[in-house]
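Here is how the chains run, residue by residue.
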Amino acid sequence: MPAIVRHILVKTREQAEQLKAQLANGADFAKLAKQHSTCNSAKRGGELGEIKKGQLVKPIDTVVFTKPEKVIHGPIKSQFGFHLVEIKFRY
């Protein structure tokens, strides 16, 4: 069951919380990803594309395949920093 996912990766929990608040107030996810994310996906607006179970680091993989779609999850800590993750849909 693959999922279409996008995320924003930042260095601190505080920055992730600030971005999540901006998203909750209607900010554009892709724009924030391009401005703030340290992941290579930033240039694509945070788009990770099609993800299959086991492709992402464990904490993110767990969220992608167990949490509700169309919700901003996070901050989620990994060895890379703090992630905000949106599962656009699973199929």
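Since we're looking at a predicted model, the values are computed, not measured.

Asker: When you look at the pairing of strand S3 (residues 72–78) in this model, what are you seeing that I'm missing?
Answerer: A regular strand carries its side chains on alternate faces of the sheet. Looking at chain direction, S3 and strand S4 (residues 81–90) are connected through five bridges and run antiparallel. Following the sheet pairing, Ile-76 is matched in S4 by His-83. The turn joining S3 and S4, which pair antiparallel and follow one another in sequence, is formed by two residues.

Asker: Help me understand the UniProt feature "domain: PpiC" (unreviewed entry) in the protein in this model?
Answerer: UniProt feature "domain: PpiC" (unreviewed entry): in the numbering of this structure it lies at residues 1–89. Here residues 1–89 is 33% helix and 33% strand, with 10 Å between the C-alpha atoms at its ends.

Asker: Mind showing me how you'd approach the packing of helix H1 (residues 13–24) against helix H2 (residues 29–36) here?
Answerer: Packed helices, taken two at a time, are described by the angle between their axes plus the distance between the axes. Contact geometry for H1 and H2: axes closest at 10 Å, N-to-C directions at 155°. Taken together, the axes of H1 and H2 are roughly antiparallel relative to one another. Crossing of H1 against H2: the hand is right-handed. Each of Gln-15, Leu-19, Gln-22 and Leu-23 in H1 lies in contact with H2, whose residues at this interface are Phe-29, Leu-32 and His-36.

Asker: Could you clarify how one ought to interpret helix H3 (residues 58–66) in this entry?
Answerer: Helical geometry note: an α-helix holds 3.6 residues per turn, so side chains three or four residues apart project in the same direction. Buried within H3 we find Ile-60, Asp-61, Val-63, Val-64 and Phe-65. In the core, the buried residues of H3 are packed alongside strand S1 (3–10), strand S2 (47–51), S3 and S4.

Asker: Explain unusual backbone geometry to me, please; I cannot follow it from the model alone.
Answerer: Excluding glycine, residues mostly have negative phi values, and the peptide bonds linking residues are mostly trans. In this structure, the amide linkage connecting Gly-74 to the following residue, Pro-75, adopts the cis form with an omega of 5°. Mapped onto the secondary structure, Pro-75 falls in strand S3. Phi is positive for Lys-70, which is not a glycine, with a value near 60°. Along the chain, the position of Lys-70 falls in the loop between H3 and S3. With relative accessibility at 58%, the residue Lys-70 sits in the exposed group.

Asker: Where do I start with the layout of surface pockets in this structure?
Answerer: Empty pockets left among the atoms are what a rolling probe the size of a water molecule brings to light. Quantified by volume, the largest pocket comes out at close to 170 Å³. Looking at the largest pocket, the residues that line it are His-7, Leu-9, Cys-39, Leu-48, Gln-55, Leu-56, Val-57, Ile-60, Phe-80 and His-83. Partitioning the lining of the largest pocket into residue classes produces seven nonpolar, three polar and no charged.

Rules used in this analysis
- Residues numbered from 1 in each chain as written.
- Predicted model: local features only at pLDDT ≥ 70, side-chain atom pairs only at ≥ 80, totals over all residues.
- Heavy atoms only, no water.
- Pairing = 2+ DSSP bridges.
- Helix = DSSP H or I, 4+ residues; strand = E, 2+ residues; numbered from the N terminus.
- UniProt positions renumbered as here; feature names shortened; annotations may be inferred.
- Axes fitted to C-alpha atoms, helices over the stretch in contact; angles between N-to-C directions.
- Parallel < 35°, antiparallel > 145°, perpendicular 65-115°, else oblique.
- Left-handed = near helix turned anticlockwise from the far one by under 90°.
- Contact = heavy atoms within 4.5 Å.
- Buried < 20%, exposed > 50% of the residue type's maximum accessible area, 1.4 Å probe, protein only.
- 1 Å grid on protein atoms, 1.4 Å probe; cavity = no way out; pocket = protein on both sides within 12 Å on 5 of 7 lines; lining within 4 Å.
- Points joined across faces, edges and corners; volume = space filled by probe spheres on them.
- Nonpolar A, V, L, I, M, F, W, Y, C, P; charged D, E, K, R; others polar.

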